[in-house]
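Given next are the chains, with one letter for each unit.
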Amino acid sequence: MEITYQYQEPSSIIKEKDNSNLFLAHYNEDFQEKEVPCFFWGKLREPYSIARSLLTLSKVVAANFMPNSSALRDPVITAGGGKLRLEAFSSCCSVYGKVDILPEALDGEFLQQGTTNVDFNTEMISALSRINKGENVFFSIGKKEFVMQKADQKVVEKKVSLPLRWIKGMATVQLLSAEMNEAANLDKLQIQLLFRAIPKGDIKDDYYLSFRGKKPFLSPIKTNGSICIGGIHRLRLVETIIPLAQKLTIYTSKSENATTFQFNFSNVRFTLMLSRSFWRGFSGEGITLENLIEDIPEEWMQKLNTYAQINEEFTANDPLLKELSSYDFKNVATRLSAMGLLGYDLAQSSYYYRKLPFKVSRIESLNPRYKNALLIIKKEQYEWVKNTSTHTETRIKGSGVFHKVVIKPDQAFCTCTWYASYGTTRGDCKHILATKILKNNSEKELNQLLEEFEL
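In this text the structure is predicted, and so the values were computed from the model without any measurement.

Asker: Describe the overall build of the chain, and please don't skip the residues or the numbers.
Answerer: When you go through the chain residue by residue, the secondary structure sums to twelve helices and 27 strands. Here the analysis covers contacts within the chain between residues at least 6 apart in sequence; of these, 67% occur between residues at least 24 apart. In the form shown here, the chain has an accessible surface area of approximately 20800 Å², with 48% of it arising from carbon and sulfur atoms.

Written out as structure tokens, the structure reads:
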């Protein structure tokens, strides 16, 4: 299923006596958002490295590591905090790419924070491939389109249809990023040695990165302190930018669900995140759902959302956020990320405001586990055993059996086969989700949920 975005107005050029102003249109499902004509316009100070990074991002977009997935051509652009950020997925959603263009690489004006989604068309890719060092290249990003102009050539990226699995993936990678820690730093020589060590062909099994002295070493055997990389052949997507990279930082998390490679080129960063299971991809993860149903005070949500809009970038250490404990801050920031309102910057260990162009309810509606959890509630296939602030327990009817669900402040478990296979590494099972929904919603709110999903 795809969503075709219908834009309400065309882009326009308003000519004045001494100059002309280009006003670009964008689309956002949240119609209450204040419309602005242009988010950013200006000149690129490092056009060559930016062009090469965007060409690599286009390779990520075109890549497909699963046979039955359709093409994606929809990078998202965010202007804010003095930076331009372009994000995209591979067609199979198992690879996430992001280009961060830092303030030092831009000579222009940020008129207002904003996010839009555009297409990587053939003409744009061709124009980017012909950019040389020292050229005068201008970007304009606004309400509907992304314009690149150099010399007498102007290229416009236009609206596209958006595959639904992309929405889930975009929310998921922000949550994964916030859990990651720096695992290794490689210099230019080490980067070249790492890529020479990548096995040929498509690699189905995990590989593990370790170091013998300073030399990177790849092996299918896990050793103490090694970094897990699933589907390592996908790293070849960025081979063309290796000569530009000054440093590579690798990030990973305890769950080992994904590995992130961040290449630094002076004032431009290229981030590549690989899902561990390339045949499933980020859109197959369900970790966003539990964050969308947690019982978090609405005033906290409103405060952090407003603060993020005003400040554009922030961390838990910002003075005005001190009244939130580290636990509370993490919960609220995670919830906003799952709602598509925040992105995460690994290099700065900070969040940035990035309001994605879709409604929060769509994230919930896309996951079959969430719908199945609501069906359990609708059919009253549950029994309360205990429900206190520190211990919640239910019995939920399955196929010929009852599953026991226990939820405590620091953990949740279930006796079903899903939990036995994955635990909570791929998000909660439908039985845990049903119990959390029951615990966190009044009878009136439950009825509204069931009506919303026509159950």
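Moving on from the coordinates now.
Asker: So what's going on with the packing of aromatic side chains? Which residues, and what values?
Answerer: Counting across every chain of the model gives ten aromatic pairs. Relative to Phe329, the ring of Phe314 lies with its centre 6.1 Å away and its plane at 85°, an arrangement referred to as edge-to-face. Here Phe314 is found in strand β21 (residues 313-314), whereas its partner Phe329 is found in helix α7 (residues 326-338), with 15 residues between them in sequence. A relative accessible area of 2% places Phe314 in the buried class. A relative accessible area of 6% means that Phe329 is categorised as buried.

Asker: Lay out the sheet that holds strand β12 (residues 153-157) in plain terms, naming residues and giving numbers.
Answerer: Sheet architecture is open: five strands sit in the order β8-β4-β10-β11-β12, paired in antiparallel fashion. Two strands close off the open sheet at either side, each with one partner strand: β8 (106-110) and β12. Strand-to-strand, the axes of this sheet are offset by a mean angle of 15°, without reference to chain direction. Bridge count for strand β4 (residues 38-44) against β8 is five bridges, and the pairing is antiparallel. Paired with Trp41 across the strands is Glu109, a residue of β8. Its contacts with the sheet put helix α2 (residues 122-129) on β11 (146-150) and β12, and the angle it makes with β12 is roughly 135°.

Asker: Which residues make up the sheet that holds strand β7 (residues 95-101), and what values do they have?
Answerer: A sheet is described by the order of its strands in space; here eight strands give the open sequence β9-β5-β6-β7-β20-β19-β18-β14, paired in antiparallel fashion. Each edge of the open sheet is held by one strand with a lone partner, namely β9 (114-117) and β14 (181-186). Strand-to-strand, the axes of this sheet are offset by a mean angle of 15°, without reference to chain direction. As paired strands, strand β5 (residues 76-80) and strand β6 (residues 83-89) are joined by five bridges and run antiparallel to one another. Looking at the pairing, Thr78 lines up with Arg85 of β6. Lying over the sheet, helix α4 (residues 188-196) contacts β14, β18 (247-252) and β19 (258-265), oriented at roughly 95° with respect to β14.

Asker: Before we move on, can you summarise empty space enclosed by the protein with the specific residues and values?
Answerer: For the structure on display, the rule yields two cavities of 30 Å³ or more. Roughly 60 Å³ of volume is contained in the largest cavity. Considering the residues around the largest cavity, the lining is formed by Tyr96, Lys98, Gln174, Ser177, Thr260, Thr271, Met273, Tyr344, Asp345 and Leu346. Looking at the lining of the largest cavity, the elements with two or more residues in it are β7, α3 (164-178), β20 (268-275) and β22 (342-345).

Asker: Give a detailed account of the pairing of β12, specifying residues and quantitative values.
Answerer: Taken together, the five bridges between β11 and β12 define a ladder with antiparallel strand orientation. Residue pairing for β12: Val147 is matched across the bridge by Val156. Between β11 and the antiparallel strand that follows it, β12, lie two residues; Ala151 among them carries a positive phi value of about 50°.

Asker: Please give an account of the pairing of β7 that cites residues and values.
Answerer: On a regular strand, each side chain points to the face opposite its neighbour's, so the side chains alternate between the two faces of the sheet. Buried residues dominate β7, accounting for seven of its seven residues. Burial of the side chains of β7 extends over both faces: Val95, Gly97, Val99 and Ile101 are buried on one face and Tyr96, Lys98 and Asp100 on the other. Summarising the sheet, β6 and β7 pair through six bridges and their orientation is antiparallel. Across the sheet, the residue bridging to Arg85 is Asp100, located in β7. As consecutive antiparallel partners, β6 and β7 are separated by five residues, and within that stretch Cys93 has a phi angle of approximately 65°, a positive value. Two strands pair when backbone bridges link them, and β7 and β20 are joined in this way by seven bridges, in the antiparallel orientation. For Ile101, the partnering residue across the bridge sits in β20 and is Val268.

Conventions we followed
Residue positions within a chain follow its written sequence, with the count starting from 1. It should be noted that, the model being predicted, local features are given only for residues of pLDDT at least 70 and side-chain atom pairs only at 80 or more, the latter also being counted only at that level, while totals for whole chains, interfaces and linings use all residues. The side-chain figures draw on all heavy atoms in the structure; neither hydrogens nor water molecules are used. Only DSSP runs of H or I with at least four residues qualify as helices, and only runs of E with at least two residues qualify as strands; both kinds are numbered from the N terminus onward. We call two residues contacting when some pair of their heavy atoms lies within 4.5 Å. Method for areas: the Shrake-Rupley scheme with a 1.4 Å probe, in which residue coverage is limited to the protein chains shown. Note on ring pairs: Phe, Tyr and Trp rings are taken, using the six-membered ring of Trp, and paired if centres are within 6.5 Å. Classes follow the plane angle, with under 30 degrees stacked, over 60 edge-to-face and the rest tilted. Burial classes follow relative accessibility: with a 1.4 Å probe on protein chains only, a residue under 20% of its type's maximum area counts as buried, one over 50% as exposed, and anything between as partly exposed. The criterion for strand pairing is that DSSP finds at least two bridges linking the strands in question. Lines are fitted to the C-alpha atoms to define the axes, a helix being fitted only along its stretch in contact, and any angle between axes, read from their N-to-C directions, falls within 0 to 180 degrees. Cavity: a set of points on a 1 Å grid over the protein atoms alone where a 1.4 Å probe fits but cannot get out. Pocket: an open set with protein on both sides within 12 Å along at least five of seven lines, its lining residues, like those of a cavity, having an atom within 4 Å of a point. Grid points are joined across faces, edges and corners, and a volume is the space filled by probe spheres set on the points.

So far we have only geometry, and geometry alone does not tell us how the molecule works.
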